[in-house]
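Residue-level structure breakdown
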Amino acid sequence: MSIRSSWVFGIWFGLLLGCDTSPREVDSPEREAVVAEPVVVDREPTASDRPERKPPKPQVAKQSIAFADIALASGLQFVFDTGARGDFLMPEATGGGAGWIDYDRDGQQDIFLVQGGDLLEPEAGDRLFRNASTSATTRFSDVTLAADIKHHGYGHGVAIADFDGDGFEDIYVTNIDENVLLQNQGDGTFRDITEESGTGETRWSTSAAWGDLDGDGDLDLYVCNYLDYDVRSPFPCYSKSGKPAICNPSDLSAVENACFENLGDGRFRDRLVDWGLEAENSKSLGVVIADMNLDSRLDIYVANDVMPNLLFLANAEGGFREQGIAMGCAMSGAGLNQASMGIACEDYDNDGAPDLYVTHFSADSNTMYASLGNGFRDVTNRQGLHRPTLSLLGFGCSMQDFDCDGSMDLFVANGHVNFGAAGKMVPQLFSFDGKRWHETGGNIPCLSVPRLGRALAVGDVDRDGLPDLLMANQLDNVSLFSNRSEAGNWLSVDLIGSAANRRGLGARVVARFGDRQVARQLVSGSSYCTSHESRLFFGLGDWSEPCELTVHWPWSDQSTQVVVEPNRQVTIRQPAELAVHTTDRTP
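A short tour of the structure in this document, coming up.

Procedures and definitions
- Residues numbered from 1 in each chain as written.
- Predicted model: local features only at pLDDT ≥ 70, side-chain atom pairs only at ≥ 80, totals over all residues.
- Heavy atoms only, no water.
- Helix = DSSP H or I, 4+ residues; strand = E, 2+ residues; numbered from the N terminus.
- Areas by Shrake-Rupley, 256 points an atom, 1.4 Å probe, with all protein chains shown as cover.
- Salt bridge = Lys/Arg side-chain N within 4 Å of Asp/Glu carboxyl O.
- Buried < 20%, exposed > 50% of the residue type's maximum accessible area, 1.4 Å probe, protein only.
- Pairing = 2+ DSSP bridges.
- Core = buried A, V, L, I, M, F, W, Y, C linked by side-chain atoms within 4.5 Å.
- Patch = residues over 30% accessible without salt bridge, like charges linked within 9 Å, V, L, I, M, F, W, Y side chains within 5 Å.
- Lys, Arg positive; Asp, Glu negative; His and termini not counted.
- Charge placed at Lys NZ, Arg CZ, Asp CG, Glu CD.
- Phe/Tyr/Trp six-rings, centres within 6.5 Å; stacked < 30°, edge-to-face > 60°.
- Lys NZ or Arg CZ within 6 Å of the ring centre and 35° of its normal.
- Disulfide = S-S within 2.5 Å.
- Axes fitted to C-alpha atoms, helices over the stretch in contact; angles between N-to-C directions.
- Contact = heavy atoms within 4.5 Å.

Counting its secondary structure elements, the chain contains 3 helices and 39 strands. For the chain, the accessible area works out to roughly 21,500 Å², and carbon and sulfur atoms hold 48% of it.

If you want it as C-alpha cells, here you go:
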C-alpha cells in the first residue's frame with residue numbers, strides 16, 4: 001500500500017479521534033431540508049446561464065475519514081443466521097441482505113434486514129427496525145410484528161421502492177424459494193401481495209432492482225437468479241481431500257433471470273424474453289440499473305459468477321441488446337471470466353460518465369472498469385487496486401465521497417464463503433487522489449475487525465449530510481458505520497418525480513461549482529443484495545458559495561435547474577410537464 005505523504009498527516013490525525021461505538025449527537029439547524037424552486041430547461045446550461053462565481057478555492061488536502069460502529073449502542077441487534085448444520089449447502093454462504101427504507105414517511109431512514117435460518121424449514125425472520133432517533137442520539141426499535149411482516153422464507157436480498165406511486169416505499173425480498181412482495185399500506189403495516197401481483201419468482205434469487213425499464217413512468221422489476229439448486233436434494237460436492245464442501249458454481253447449471261413489467265394496476269407480467277433480456281449461463285449475483293451511456297434511457301448491468309458479466313443497453317425503439325463484451329465490461333482486461341458478486345456504480349474520475357467497480361472471489365482481484373464514453377476499460381492495476389484485494393473475497397461495495405473533500409472513496413465488504421468463522425475478513429476503504437487509489441481504512445479501529453460481510457447499503461442515518469453505511473454480517477451482529485469524518489462542504493439531494501417513479505430513480509444530477517462539475521446518478525440496485533437510500537451525496541471540499549444543480553430526468557431530453565447554498569439537504573421536484581406519459585415501448 002502506498003499513501004501520498006501530502007495527506008498522511010490528515011489521516012493519522014483523524015485516527016486519534018478514535019472509533020467509538022456511541023451514537024452520534026446531531027443538532028445542526030443549518031441542515032434543514034430545502035425544497036428548491038425549479039427552472040425548466042430543454043438544453044445543457046451554458047456559461048451565460050450561470051450566476052457569477054468567484055474563482056474556485058484550491059482543493060483541500062485529504063480530509064480525515066472516520067467511522068464508528070453504533071449498531072448495538074443504537075438498539076440495532078440482528079445476526080444473519082446461515083442455517084449451517086454441517087451439510088455444506090450452498091445458500092449458507094451467500095445470504096445476508098439489507099436496505100434503508102422510510103416506511104412511515106417521518107423523514108428518518110428505517111432499516112430492513114433479511115434473515116436466513118433453517119433452509120428446510122425456514123421461519124419468519126426478516127426484521128424491520130424503526131428509526132426513533134432524536135437530535136441527541138440515534139436509536140432503533142424492532143417494529144416487525146407491529147408492521148405485520150411475517151412471511152416465511154430463507155432470505156437473500158432486498159429491493160425497496162415505491163412501485164405503486166402512492167408515496168410509501170414497498171419491499172421485495174428475494175429468497176431461496178419463493179420471493180415476496182410486501183406492499184406498504186401507508187398505516188405502518190405491510191401486506192403480502194406476491195400472488196396477486198405475479199412477482200413470486202420461485203428460483204434461487206439473489207439481488208434485485210427496481211427501475212423504469214420501458215419508459216412508461218412506473219417502476220419495473222429485474223431479479224437476479226443464481227443456480228439450479230435444490231436444498232432438499234442437493235448436488236454433492238467434495239474438497240480435494242474428499243471431505244464434503246460447498247459446491248463451486250461451475251459444478252451447477254444456471255437459471256434464467258426474471259424481469260417483471262409493472263402494469264400500473266398492482267399486477268406485473270414477465271417480459272424477460274420480450275425485452276431481449278434472456279441470457280444463458282448467467283449465474284447472477286449483482287445488478288445495477290443506470291443510464292450507462294448517457295442517452296436518458298435506463299440500462300442494466302449484471303454481475304455473474306464465473307461467467308461473463310452482462311450489459312443490456314436500452315434500444316431507442318424499445319427492448320434491450322446485450323453489449324457486455326463489446327463494451328469491455330464483461331470480463332477482466334486479460335479476457336478472463338471472474339467470480340463477480342457486488343457492483344459499485346459512480347463517476348469516480350469526474351468525466352461525467354458512470355464507472356463500474358465489481359467485487360470478486362479471493363485470489364482474483366476486484367475490477368475497476370473506467371468508462372470511456374463509448375465503452376469501458378479495465379484500469380484496476382494501473383490505478384493501484386489489483387494487489388490490495390487479491391487475498392480477500394468481496395461482496396457489497398459502494399463509491400461515495402465519505403469526507404466530502406471532492407474526491408471519491410470506495411468501501412468494500414469482505415468475507416469468505418468457505419471456512420465458517422475462520423473465513424472472516426476485514427472490510428476495505430480506498431480513496432482516489434485523481435490518478436490512483438490508496439488504501440486508507442486499515443488503521444480505523446472499527447474497520448479492523450474481521451467479519452463475514454455481505455450486503456452494504458448507503459444511507460444518512462442521522463441526517464447530517466454525510467453518507468453512513470449499513471453492513472449485513474453472517475454470524476455477527478449487523479454493522480452500522482456512522483460517518484464521523486472531518487468533512488468538507490457538502491450537498492445531499494432528494495428527488496420527487498411527478499409520475500409513478502416518485503423518487504426519480506434513474507435521474508442524473510450535475511453539480512457545478514467554480515470550475516468543477518460533478519455528476520451523480522440515482523441508480524437502482526448496485527452493491528450486493530442491497531437497497532440504498534434514494535439520496536445523492538455531493539462533496540464540495542472548500543467550496544462554500546452557491547452551487548448550480550441540473551437534474552436530467554430519465555426518459556426525458558429536458559432538465560430542471562436550481563441554485564442552492566452548500567451544507568443543505570435539497571429536495572427537487574420534477575415539473576409535471578416533464579413527466580413520462582408513454583405507455584408501451586415493447587418491440
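To continue, consider the pattern of salt bridges. Scanning the entire structure with this criterion turns up 20 salt bridges. For the salt bridge of arginine 520 with glutamate 346, the shortest nitrogen-to-oxygen distance reads 4.0 Å. Pair noted here: arginine 520 is in strand β33 (residues 516-521) and glutamate 346 is in strand β20 (residues 343-346), with a separation of 174 residues, a long-range link. Given a relative accessible area of 9%, glutamate 346 falls into the buried group. When salt bridges that share partners are traced, they join Asp460, Arg463, Asp494, Glu533 and Arg535 into one network.

Okay, the sheet that holds strand β19 (residues 320-322) next. Overall, antiparallel pairing links the 5 strands, which are arranged β19-β18-β17-β16-β34 in an open sheet. Of all the strands in the sheet, the pair left with one neighbour each is β19 and β34 (524-525).

Let's shift gears to the nonpolar core. Among the nonpolar cores identified, the biggest contains 44 residues, and Leu76, Met90, Ile111, Leu113, Leu470 and Leu480 are the most heavily contacted of them. Of all the elements in the fold, those that place two or more residues in this core are β4 (98-101), β5 (110-113), β28 (452-459) and β29 (468-474).

Taken together, the side chains of Asp81, Asp118, Glu121 and Glu123 present a region of like negative charge at the surface. Residue placement: aspartate 118 occurs in the loop between β5 and β6 (127-131). With a relative accessible area of 34%, aspartate 118 lands in the partly exposed category.

To continue, consider the environment of alanine 84. Among the secondary structure elements, alanine 84 is positioned in the loop between β3 (67-69) and β4. The partly exposed category is assigned to alanine 84, whose relative accessible area is 41%.

Overall, the coordinates contain 17 aromatic pairs when judged by the stated rule. The interplanar angle of 45° and the centroid separation of 5.8 Å between the aromatic rings of phenylalanine 411 and phenylalanine 481 together place this pair among those described as tilted. One end of the pair, phenylalanine 411, is in strand β25 (residues 409-414); the other, phenylalanine 481, is in strand β30 (residues 479-483), with 70 residues separating them in the sequence. The class of phenylalanine 481 is buried, set by a relative accessible area of 0%. The ring of phenylalanine 168 carries arginine 105 above its face, with NZ or CZ at 5.3 Å from the centroid.

Buried residues dominate strand β24 (residues 394-400), accounting for 7 of its 7 residues. Strand direction decides the pairing type here: β24 and β25, joined by 5 bridges, are antiparallel. Note that in β25 the partner of glycine 394 across the bridge is asparagine 414.

Next up on the list: the state of the cysteines. Across all of its chains, the model carries 1 disulfide by this definition. Disulfide pairing is shown between cysteine 237 and cysteine 247; the S-S distance is 1.9 Å. Every disulfide takes its handedness from the sign of the S-S torsion; for cysteine 237 and cysteine 247 that torsion is 100°, giving right-handed. Taken together, the positions of cysteine 237 in the loop between β13 (220-225) and β14 (258-262) and cysteine 247 in the loop between β13 and β14 put the pair 10 residues apart, joining distant regions of the chain. On the basis of relative accessibility, which here comes to 10%, the residue cysteine 237 falls in the buried class. The cysteine cysteine 224 is free of any disulfide, with cysteine 529 supplying the nearest cysteine sulfur at 8.4 Å.

Another aspect to go through is the sheet that holds strand β15 (residues 268-270). The strands making up a sheet associate through hydrogen bonds between their backbones, and the pairing can be parallel or antiparallel. Spatially, β12-β13-β14-β15 is the arrangement adopted by the 4 strands of the open sheet, whose pairing is antiparallel. Pairing within the sheet leaves two strands with one partner each, and these edge strands are β12 (205-211) and β15. In this sheet, neighbouring strand axes are inclined to one another by 20° on average, regardless of whether the strands run parallel or antiparallel. Where β14 meets β15, 3 bridges bridge the pair, whose relative direction is antiparallel. Residue pairing in the sheet places asparagine 262 in a bridge with phenylalanine 268 of β15.

Time to look at the pairing of β4. Residues Ala98 and Trp100 of β4 are buried on one face, and the alternating residues Gly99 and Ile101, pointing to the opposite face, are buried as well. As paired strands, β4 and β5 are joined by 4 bridges and run antiparallel to one another. If you follow glycine 99 over to β5, its bridge partner there is phenylalanine 112.

It is worth spelling out the side chain of glutamine 521 at this point. If you trace the backbone, glutamine 521 turns up in strand β33. Ignoring any residue separated from it by four or fewer positions in sequence, one finds glutamine 521 in contact with Ala290, Asp291, Leu294, Glu346, Pro354, Gly506, Ala507, Arg508 and Leu536.

This brings us to unusual backbone geometry. As a rule of thumb, non-glycine residues mostly have phi less than zero, and peptide bonds are mostly trans rather than cis. Residues other than glycine seldom take positive phi values, yet valine 306 does so here, at roughly 60°. Mapped onto the elements, valine 306 comes out in the loop between β17 (299-304) and β18 (310-314). A relative accessible area of 23% means that valine 306 is categorised as partly exposed. For asparagine 350, which is not glycine, the phi torsion reads 55° and is therefore positive. Residue position: asparagine 350 is located in the loop between β20 and β21 (355-358).

In short, the description is geometric, and any link to function would need to be established separately.
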